[in-house]
Amino acid sequence: MNANGAGEASRQESLESRLHRLEAIEAIKQLKARYLSACDRKQVDVIRDCFADGPVTIDYGPIGRFEHRDGLIDAFERLGNHDFIVDMHHGQNPQIEILSPDSARGSWQLYFHQINKRENQVTQLGDFTRTGTCVSTGVGLSAVPSLRFHPVAPYC
């Protein structure tokens, strides 16, 4: 093969690699958006499916640390899955690093607003989340085995 042919093959591989990276980043953004939206809509099964089924690390600071997604679901059922609770999660400024074809890490800033209609209470907090390793299923990104919240404003 001549030099032009070899260069073209290398360039094509580079384009494919870059496209795969951009698709993976978008899949992670979609996963995060699906999770935040499911929390607001109180879609427990969707929340559960955003996390790997098996050993995980989910660290929500004062809310709790969970080693399986069902621990997070139990906390959500207890604290937020009520008709009198209105949650609004706003995630922005994603910073995502692709580590390998099967893993990535990222962080988001989060603004959280909750209205407790029973107690006439409003809670607001700002923090950022750091997502550990994301897992690929071969079809696309489907679950987050680790998640950690780092508050930058106190929980009210």
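Let me sum up the structure you'll find in this document. In this numbering scheme, every chain counts its residues from 1 along its sequence in written order. Per-residue local features of the predicted model are confined to residues with pLDDT of at least 70, and side-chain atom pairs are confined, for both listing and counting, to 80 or more; whole-chain, interface and lining totals are unaffected and use all residues. As a rule here, side-chain values cover all heavy atoms of the structure and leave hydrogens and water aside.

1. With respect to the overall build of the protein chain
A tally of regular secondary structure across the protein chain gives three helices and eight strands. Along the protein chain, from the amino end to the carboxyl end, the secondary structure elements read α-α-β-β-α-β-β-β-β-β-β. Buried means the residue's accessible area, taken with a 1.4 Å probe over protein chains only, is under 20% of the maximum for its type, while exposed means over 50%, and partly exposed covers the values in between. Burial analysis of the protein chain (156 residues in total) assigns 36% to the buried set. Here the Shrake-Rupley method, with its probe set to 1.4 Å, supplies the accessible areas, and only the displayed protein chains count as covering residues. Summed over all atoms, the accessible surface of the protein chain reaches about 9300 Å², with 51% contributed by carbon and sulfur. Only DSSP runs of H or I reaching four residues or more are called helices, and only runs of E reaching two or more are called strands; each is numbered from the N terminus.

2. Notes on the pairing of strand β3 (residues 85-100)
Walk down a regular strand and you will see the side chains alternate between the two sheet faces. Two strands make a pair as long as DSSP finds a minimum of two bridges between them. Two strands pair when backbone bridges link them, and β3 and strand β4 (residues 103-116) are joined in this way by 13 bridges, in the antiparallel orientation. Across the sheet, the residue bridging to Gln 92 is Gln 109, located in β4. Count of turn residues in the β3/β4 antiparallel hairpin: two residues.

3. Focus: the nonpolar core
One recurring pattern in soluble globular proteins is that nonpolar side chains are buried together. Grouping buried Ala, Val, Leu, Ile, Met, Phe, Trp, Tyr and Cys residues that are joined through side-chain atoms within 4.5 Å yields what is termed a nonpolar core. Ranked by internal contacts, the top residues of the largest apolar core, which has 21 residues, are Tyr 35, Ile 47, Phe 51, Ile 58, Tyr 60 and Leu 72. For this core, the elements supplying multiple residues, two or more each, are α1 (3-41), α2 (44-49), α3 (69-79) and β4. Per element, the largest residue contribution to this core is five residues, and it comes from α1. Throughout, a contact is declared for two residues whenever any of their heavy atoms are within 4.5 Å. Sequence-distant contacts of Tyr 35, defined by excluding residues within four places in its chain, comprise Ile 47, Cys 50, Phe 51, Tyr 60 and Leu 72. Counting residues in hydrophobic clusters, the runner-up holds five residues, among them Ile 25, Ile 28, Ile 96 and Trp 108.

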